Amino acid sequence: MIALPALRAALESALAALPPPERFPRGEDADTARRLTERLRRDLLPRLGGDAPLLLVAIAGPNNVGKSTLFNSLVGAPLSPARPEGGLTKQCLAAAHPDTWTGELKDFLTRRYDVVPVPPGTDAPVDQAGPAGRLYLSLAEAVPRGLLVMDTPDFDSVYRDNRERTEALLVTVDVLVFVVSRQTYQNAALVDFLRAAVGRGRPYLLIYNEATREEVARGHLEKLASDVGHPPLARYLAPHQPEVEAGERPLSTQPLDRGPSLGALLGEAEHARELKTRALAASLADARAELEALGRAARESSHEPERLRQRMRHELLAVGKSAALKGVPADVLVDAFRDELDARSAFHRYVRLPFRALATALTFVSKKVRQSFTGPEPMAAPVIHATDETLRDGVRRLVDVLAPEVAAWRGDAETRAKLAESFGAGTLSRLEEPLGFEALHTHTTDRESLYTFCRSLVGAELQGSMREEMLQALTTLVYSVPSGAAAVVTVATGGVGHDAVIWAGTLLSTPLLERFVDLLGADVRAHVTQKWAEAHGATLARALEERFFADILKHLDAEAAGWVRTAEALEDSARRLGE
């Protein structure tokens with residue numbers, strides 16, 4: 001059995017982890033969260049903080065079945081409105097001995113409920129709506145010391161607020177007195193309500209009102225107890241009495257199982273301790289089951305933001321890959337091929353190095369001479385333009401594809417509003433503005449990553465074969481001949497023919513080197529293209545996310561992570577309660 005401090009810590013953790021009930025997408029989960037919150041705050045934590053010698057009894061049942069009439073009979077005064085039309089009680093009314101509203105008993109009640117004392121000689125306004133957890137308290141000498149009796153609203157009221165007020169009080173009581181009649185005993189909603197209230201062992205009593213024949217009442221109550229799943233503590237019969245219905249006599253009950261009278265069972269202190277112990281055990285079992293159910297619900301609630309954020313990032317990555325393919329840098333593969341060859345043969349590297357340096361220097365000088373006459377060369381940007389247009393078209397398609405997610409969202413209103421903003425006209429209008437991705441089109445990190453990949457790919461394909469020796473020799477020849485010729489022409493003509501030779505050498509060397517790369521294998525270029533699409537596509541996808549969808553994706557990240565943390569906390573509390 002878990003120790004009391006550990007038990008209290010587990011319950012406090014559970015209460016702190018519970019989100020507001022309205023956060024749960026499904027109505028039944030929201031009801032469970034609301035019920036568990038009331039159970040923890042008003043019942044279990046106050047009990048564990050120091051219980052009081054006060055037996056809490058609630059009278060419940062369907063509409064117009066005689067709850068208020070029974071309440072008035074037990075407390076010995078017409079405190080609750082009871083008329084034939086029924087449905088008058090909209091808030092909870094309690095009656096207790098005047099000593100209850102003093103000392104530790106008063107503190108005990110105020111920790112659990114929003115108690116509103118009813119002045120003597122006045123009627124409690126229970127026929128008016130009010131918040132859940134409010135308890136109007138009338139003091140009456142006829143109520144035994146150590147007993148507090150509550151009259152609750154109809155659990156099957158057409159008003160949802162009435163049902164919520166009833167549930168908020170029923171999770172806190174020690175004993176439930178449930179009133180039925182021949183018209184209501186087999187109502188499915190009644191059975192479900194009673195099973196939820198007492199199904200895990202909470203003590204309860206059954207009152208069969210307006211009974212005409214005892215054997216019929218017995219049969220009906222046995223059927224009801226069988227449907228609930230465990231028997232009541234005692235069963236009572238209230239014969240049909242026209243004088244009671246007319247308000248001329250109090251309701252009287254008689255035990256069906258030769259037990260004590262209803263007043264004696266509830267009013268004698270010898271029964272209170274056992275009933276309270278059973279109620280605590282049942283409430284802990286209810287709390288554990290509700291924690292497990294809400295843990296599952298929280299995990300399910302994390303699935304939708306998790307699915308949506310994964311889908312958005314998947315679509316963005318697809319857009320980024322498509323755009324990256326518009327500008328695959330072919331020079332990186334040629335550079336990696338050349339450098340890998342240099343790294344694998346010191347002889348060929350030293351032979352090629354002077355010619356490459358000479359070609360680089362001559363090309364630089366020639367470029368500067370041209371610019372002195374013609375000015376800087378304009379930057380042609382067809383690849384950048386094509387890439388940006390692919391990104392814009394991809395975002396437009398993404399907005400069209402994901403727009404239905406707004407209507408399909410079953411979660412909180414805040415997320416729905418963010419989805420509507422992200423997949424709406426505002427995002428489409430921002431696509432007409434410059435993207436501002438110029439720096440990304442020559443992304444150094446992506447090029448370096450591709451270069452490293454190409455080096456490893458070329459190295460794996462070469463593997464020191466005869467093909468490598470052939471490629472080494474051919475590459476040396478390709479680099480040395482144009483550069484040497486350019487140097488000779490430059491010296492002989494004073495630089496007049498340098499550009500022609502360099503142009504001719506480049507025209508031959510670049511495609512020749514590309515053909516040499518192709519000799520490594522048919523799949524080399526495909527692997528390089530795929531690598532660039534993945535690496536640079538991811539860079540472009542992150543830029544699109546930051547530019548257009550940062551707010552919604554950060555929100556979905558927080559939602560998914562928050563629901564998972566909630567599920568873990570609730571599951572941990574449920575596990576600790578079971579130890």
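Just above, that's the structure.
This write-up is about the structure you can find in this document. (Residues numbered from 1 in each chain as written. Predicted model: local features only at pLDDT ≥ 70, side-chain atom pairs only at ≥ 80, totals over all residues. Heavy atoms only, no water.)

The sheet built from nine strands is open, its strands ordered β3-β4-β2-β5-β1-β6-β7-β8-β9 with mixed pairing. This sheet does not close on itself; its edge strands, each paired only once, are β3 (114-117) and β9 (254-255). With five bridges connecting them, strand β2 (residues 92-96) and strand β4 (residues 134-139) associate as parallel partners. Bridge pairing in β4 places A94 opposite L137. Taken strand by strand, helix α7 (residues 214-228) contacts β6 (175-180), β7 (204-211), β8 (234-239) and β9, and its axis lies near 145° from that of β7. (Pairing = 2+ DSSP bridges. Helix = DSSP H or I, 4+ residues; strand = E, 2+ residues; numbered from the N terminus. Contact = heavy atoms within 4.5 Å. Axes fitted to C-alpha atoms, helices over the stretch in contact; angles between N-to-C directions.)

Positive phi outside glycine occurs at N64, with the angle close to 60°. Residues other than glycine seldom take positive phi values, yet E210 does so here, at roughly 55°. Looking at the element boundaries, E210 is found in strand β7. For E210, a relative accessible area of 28% gives the class partly exposed. (Buried < 20%, exposed > 50% of the residue type's maximum accessible area, 1.4 Å probe, protein only.)

A word on the packing of helix α10 (residues 269-324) against helix α20 (residues 524-548). At their nearest, the axes of α10 and α20 sit 7 Å apart, and the two run at 120° to each other. Comparing the axis directions of α10 and α20 gives the class oblique. The handedness of the crossing between α10 and α20 comes out as right-handed. For the pair formed by α10 and α20, the contact residues are R313, L316, L317, V319, G320, K321, A323 and A324 on the first element and W532, A533, E534, H536, G537, A538, L540, A541, L544 and E545 on the second. Residues that form the contact of α10 with α20 fall into these classes: 11 nonpolar, three polar and four charged. (Parallel < 35°, antiparallel > 145°, perpendicular 65-115°, else oblique. Left-handed = near helix turned anticlockwise from the far one by under 90°. Nonpolar A, V, L, I, M, F, W, Y, C, P; charged D, E, K, R; others polar.)

Within the secondary structure layout, S422 lies in helix α15 (residues 413-422). Look at S422 and you get buried, because its relative accessible area is 7%. Other than its neighbours up to four places away in sequence, S422 contacts V399, T427, F549 and I552.

Below, the discussion takes up the environment of H271. Examined against the element boundaries, H271 turns out to sit in helix α10. Those residues within four positions of H271 in sequence are excluded, and the remaining contacts are A264 and L265.

Within the largest apolar cluster, 44 residues are counted, with the highest numbers of intra-cluster contacts made by L109, L148, M150, L176, F178 and L194. M150 has contacts with V57, A58, I59, F71, L93, A94, Y113, L135, L169, T172 and V173, leaving out every residue within four places of it along the chain. Core analysis: the second largest hydrophobic core is formed by 41 residues, A324, L341, V524 and L544 among them. (Core = buried A, V, L, I, M, F, W, Y, C linked by side-chain atoms within 4.5 Å.)

With the rule as written, the count across this model stands at four aromatic pairs. Arranged with centres 6.3 Å apart and planes meeting at 50°, the rings of F423 and F549 form a pair that is tilted. You can see F423 sitting in the loop between α15 and α16 (425-430) and its partner F549 sitting in the loop between α20 and α21 (550-577), a full 126 residues away along the chain. Taking the relative accessible area as the measure of exposure, F423 reaches 6% and is therefore buried. A relative accessible area of 0% means that F549 is categorised as buried. Pairwise contacts between aromatic rings join F423, F548 and F549 into one cluster. When the ring centre of F548 is taken as origin, the NZ or CZ atom of R547, which lies over that ring, is 5.1 Å away. (Phe/Tyr/Trp six-rings, centres within 6.5 Å; stacked < 30°, edge-to-face > 60°. Lys NZ or Arg CZ within 6 Å of the ring centre and 35° of its normal.)

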